[in-house]
Amino acid sequence: MADLALADVHKTFGDTVALDGVSLDVASGEFFTLVGPSGCGKTTTLRTIAGLEPPTAGTVSFDGRDVTGLAPEDRDVGVVFQNYALFPHMSVAENVAYGLRFTDPPDGQTVDERVTELLELVDLAGMGERDPDQLSGGQQQRVALARALAPAPSVLLLDEPMSALDARLRETLRRQVKRIQSELGVTTVYVTHDQAEALAVSDRVAVMHEGRVEQVGRPREIYERPATRFVASFVGENTLFDGTVTDAGDGTVTVDVDGTTFRVTGDATPGEPVTVCVRPTALVVEGDANRFTVTVDTAEFLGETTRYYADWDDRTVVFRTPDPDLSGEITLGFDPDEARLI
Amino acid sequence: MNGPGLFERVNVPAVRERLRRSRGLERVGLAVVTLVTLALLVVMFFYPVGVVFAESLVVDGRPTVAVITAILTDEFFFGVFATALSDPWVLVESFPDYRLGLFGFTAYQALLSTVASVALGVPGAWVLARWEFPGRQTVGSLTILPFVMPSIMVAIGFVATFGENGVVNGFLRTLGLPTLELLYTLEVIVLAHAFYNAPLVARVTAAAWEGVSADATETARTLGASPLRAFRDVTLPQLLPAVLTGALLTFIFSFMSFAIVLALGGLRYATVEVWVYHSVQQLDYGTATGLAVLEIVVSLSLTYAYLQYEARQRASRTGRPAPRRDLLGGLTADRVAVGAYAAVAVLVFVLPMASMVLASVTGPDGVTLRNYAFLVERQAEAYDFQVKPLTAVRNSLVFGAGTLVVAVPIGVLLGVVSTRRFRGRKVLDALAMAPFAVSGIVVGLGLLRGLVFGFEAFGWRVTVAGPVAIVAAHAVGAYPFVTRNVAPALAGIDDALVESARVLGATRTRALLDVELPLVVPGIVAGMAFAFAISIGEFDSTVILATGTNSYTMPVAIERFLGRRLGPATAMGSVLLVVTGASFVVIDRLGGRRGFDG
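Residues numbered from 1 in each chain as written. Chains lettered and ligands numbered in written order. Predicted model: local features only at pLDDT ≥ 70, side-chain atom pairs only at ≥ 80, totals over all residues. Heavy atoms only, no water.

A. The overall build of chain A, seen in detail. Summing up its helical and strand segments, chain A has 8 helices and 20 strands in all. Projected onto its principal axes, the C-alpha coordinates of chain A cover approximately 70 × 45 × 35 Å. Within chain A, the fraction of its 342 residues that count as buried is 55%. The long-range fraction of contacts in chain A, counting pairs at least 24 apart against all pairs at least 6 apart in sequence, stands at 64%. (Helix = DSSP H or I, 4+ residues; strand = E, 2+ residues; numbered from the N terminus. Buried < 20%, exposed > 50% of the residue type's maximum accessible area, 1.4 Å probe, protein only. Contact = heavy atoms within 4.5 Å.)

As structure tokens, then:
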């Protein structure tokens, strides 16, 4: 296992800046996720770690050793790509064994033993003789995982490995990947555009935007205390109110949002422009404080709760409540402790 | 299975260090092999062509344009344009009755051939792209056949059809009508060029036609356009680039055509190529190399124009193609038109080959195998200076095998290199494809003057044996086809496959050998079939290099039999047809179609 560090990594393709100073530290054995919208640089970051994309500037190091100039075959990483990239002219077993052509299996195992072990690990025992195109998408994904793990890499890199699968299968496989990862304790970097997936599986998450890391933290930190406006809007369907601080003191800040006054727990200086960030479950129908009236626009029934999109002064407000039958004008409010100032 | 040892590494640094050392050679391997290949190309192609340039531009060790100027100002070569160099007024005075000269005539017949090929090819594209009928795919894949058809075989097919004792005149005689003098006319040359190039025009145009989105034409219709108007406004603009591409290629091929013009036109309708050959026969190497240089300038300019034009087109294959109409159905005007076209197509494309096979198995007394027997008997009886048929067959096979050995590795390697990103790749691409733009006659002439006649190197006189030079010429003509079959297949491989191999520990070279090449084996085999067919049918450079030796091949033997012994010539042509047909089946089955769809 290895810890992994990126220091001020830049990458440009012609005039396009893909990475604009990315620095990350991933601990040994950690499940670390890069999340962000498409084009944010998360895949480029992963490819830089793998050595498939030489950075324009900055360094990549494994266990404190600078590997920036090292070719991918010398890096000791395993990668699972979005489309699995199984070698179509090799059987499942040959695919899994491919990396063992260049390194010995661990523990003095034979190649066959190692392949059998890995196929068992991903619940594909006995499928070794099949051709990749005889397998379902989920099975192919697990073969790709077994192939990446066979040489016992120090770092496992997963590039949106679930995005081609349907929702139910994604959840099953996500759990399986998570289980295998914690069993093996291999340092893992996982790339996804799905914030819910990122929060569900990771030890820590880095939210990326326009080639930069916006925030790194444990899933709960990211969800509850978004550090930037972008993170707040990307993670967890927060409603954002842009306003100006009119008064502050005693741990409470008064913010004016186009004539409506909100009181939020926090610290700020009067006159400062701020964003008030409120999670959908923090907005309570007929709440006691910070009341405002919205018009329900659409409702999405989710089972336990219903998600409402409502209109307030041409702003979209998102809230969730168990009552599935709200419509028309509704008065909402939120507790000053439940909102965050950005 | 989750034992603590699962991911304990066995002495990782040592294993990696051992691998790293063994990989040194693999890392530079591709670069070394590329350099060796380029050196080989220099010897086989660039040096010989360079010799042709040197001989016409350097006289007595001094650079001079005298040879070129002499040709440019000779009315025989440039007609009225030669005089116009010193006296432009003559262009006005003699308008429009220009004397064209050799170059002018060459361009003129190429232009006529282009018009004929487009006229014959575009309706073919319409049938292939818009109609559904049994055997459509087979007909579609047959359009690649001209690429591997020996030109001399096509020529003999036309002699068997339109010659004095050909099928057409035989038919007229049966009807009691006077026979026609069709051979040695411009018309038959143009028709033979159309036989060759109309399928190409049809192929690229049909591909574009199939790419026209039905949504686009249907949108035009919903906006109020009539079917004809929708065709003019939406479909036609998307077809024109393809038609022009086909036309430009046809012009280039017809400009550089040799065997057809030699066999069907003779010296009366000589083109530049034929005159270069004629000059070589007369041992007038000055004129031969001078003409060759001017021809290269023309053909390179045309090819450059073609590549520029082709590069600007990007066929967008988005959208749903329009459904094909069923050809079998009630009699309508357009179904009659398809039928009429089919009849013309049979006359132009099928009749010459059928006539050749028919002529080979018939004699004055009906069906006979006499012509084939002659090939065997002649072998036993012929004098040493006469052409021995089986020797020709053996030579063809040996040269074909030699061509495979040389052209396939070169072609595959250049295919690999052309899919890599590196500085100067475009230059390498252009150099690698240069043989497309240089005629076989010029390559043959260069090899003859440069290698067979020998050159001085490090104080030694190096000469290359004729057969080796022939294999070199064939390989030069063949390897671009290998490359064109392999490169698109390689480019189509998902990058993630190679990257997966890399992160699993394979060097770039190992990834190539383990992953990429196994996946393009069909392309390589198709390329081999191309290479073999091209070698078997090659006439232009072989006829120059084989003159006065025993290295003649089947096409050369056919040309020598053609004058007096039509029967044996058609018999040998039929043998060539079988070999070519077999190659075609391999190419068609293994995806040789890729890379030729414009």
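B. Summary view of the domain arrangement of chain A. All names here are of chain A. If you check the domain split of chain A, you get domain 1 (4–230) and domain 2 (238–341). Computed over C-alpha atoms only, the centres of domain 1 and domain 2 are separated by 38 Å. The partner domain 2 presents 7 residues to the 5 residues of domain 1 that form the contact. Taking both partners together, domain 1 and domain 2 bury about 590 Å²; carbon and sulfur atoms supply 48% of that area. Linking domain 1 with domain 2 are 1 salt bridge, by the criterion used here. Linking domain 1 with domain 2 are 2 residue pairs in polar contact (both at pLDDT 80 or more), by the criterion used here. When its residues are assigned to classes, the side of domain 1 that touches domain 2 shows 2 nonpolar, no polar and 3 charged. (Domains from an automatic or database assignment. Buried area = accessible area lost by both parts, 1.4 Å probe. Salt bridge = Lys/Arg side-chain N within 4 Å of Asp/Glu carboxyl O. Polar contact = N/O pair within 3.5 Å; in protein donor to acceptor, adjacent residues only side chain to side chain. Nonpolar A, V, L, I, M, F, W, Y, C, P; charged D, E, K, R; others polar.)

C. Just the pairing of strand 2 (residues 16–26) of chain A, in detail. Residue and element names in this part refer to chain A. Looking at chain direction, strand 1 (residues 4–13) and strand 2 are connected through 8 bridges and run antiparallel. Considered in strand 2, the bridge of leucine 4 is made with valine 26. The loop that links strand 1 with its antiparallel partner strand 2 comprises 2 residues; one of these, glycine 14, has a positive phi angle of about 60 degrees. (Pairing = 2+ DSSP bridges.)

D. Up close: the pattern of salt bridges. Residue and element names in this part refer to chain A. Throughout the structure, instances matching the rule amount to 29 salt bridges over all chains. Residues aspartate 20 and arginine 212 are paired through a salt bridge, measuring 3.2 Å at the closest nitrogen-oxygen approach. Taken together, the residues aspartate 20 in strand 2 and arginine 212 in strand 10 (residues 212–217) connect sequence positions 192 residues apart. Residue aspartate 20 is classed as partly exposed on the basis of its relative accessible area, which comes to 25%. A salt bridge links arginine 220 to glutamate 224; the nearest nitrogen and oxygen atoms lie 3.1 Å apart.

E. Representation of helix 8 (residues 151–162) of chain B in the model. Residues and elements named next belong to chain B. Taking 1.5 Å of rise per residue, 12 residues should cover 16 Å, and helix 8 covers 16 Å from first to last C-alpha, within 8% of that figure. Summarising burial for helix 8: 12 of the 12 residues are buried, a large majority. Among the residues of helix 8, Ser151, Ile152, Met153, Val154, Ala155, Ile156, Gly157, Phe158, Val159, Ala160, Thr161 and Phe162 are the ones counted as buried. (Expected span 1.5 Å × (residues − 1).)

F. How the structure looks around the sheet that holds strand 17 (residues 306–312) of chain A. Residue and element names in this part refer to chain A. Strand order in this open sheet of 5 strands is 15-19-16-17-18, and the pairing throughout is antiparallel. Every interior strand has two partners, whereas the edge strands, strand 15 (284–285) and strand 18 (315–321), have only one. For strand 16 (residues 292–301) and strand 17, the ladder comprises 6 bridges, and the chain directions are antiparallel. Bridge pairing in strand 17 places valine 296 opposite alanine 310.

G. Spatial organisation of the packing of aromatic side chains. Applying the stated criterion to the full structure yields 27 aromatic pairs over all chains. Where phenylalanine 230 of chain A meets phenylalanine 234 of chain A, the ring centres are 5.6 Å apart and the plane angle is 15 degrees; that geometry is what we call stacked. A residue pair is termed a helical-turn pair when its members lie 3 or 4 positions apart in one helix, as phenylalanine 230 of chain A and phenylalanine 234 of chain A do in helix 8 (residues 229–234) at 4 residues. Seen in terms of ring centroids, tryptophan 209 of chain B and phenylalanine 231 of chain B are 6.0 Å apart; in terms of plane orientation they differ by 40 degrees. Their pairing is tilted. Here the residue tryptophan 209 of chain B occupies a position in helix 10 (residues 186–211), and phenylalanine 231 of chain B occupies one in helix 12 (residues 227–255), the gap between them amounting to 22 residues. Members of the aromatic cluster, joined through ring pairs, are Phe241, Phe262, Phe292, Trp312 and Phe334 of chain A. When the ring centre of phenylalanine 87 of chain A is taken as origin, the NZ or CZ atom of arginine 147 of chain A, which lies over that ring, is 4.6 Å away. One cation-aromatic arrangement involves arginine 449 of chain B over tyrosine 285 of chain B; the distance from NZ or CZ to the ring centre is 3.9 Å. (Phe/Tyr/Trp six-rings, centres within 6.5 Å; stacked < 30°, edge-to-face > 60°. Lys NZ or Arg CZ within 6 Å of the ring centre and 35° of its normal.)

H. Structural detail: a nonpolar patch on the surface. Residues and elements named next belong to chain B. A contiguous nonpolar surface patch, about 250 Å² in accessible area, is contributed by Val28, Val32 and Val36. Tracing the backbone shows valine 28 in helix 1 (residues 12–57). Since its relative accessible area comes to 43%, valine 28 is described here as partly exposed. (Patch = residues over 30% accessible without salt bridge, like charges linked within 9 Å, V, L, I, M, F, W, Y side chains within 5 Å. Areas by Shrake-Rupley, 256 points an atom, 1.4 Å probe, with all protein chains shown as cover.)

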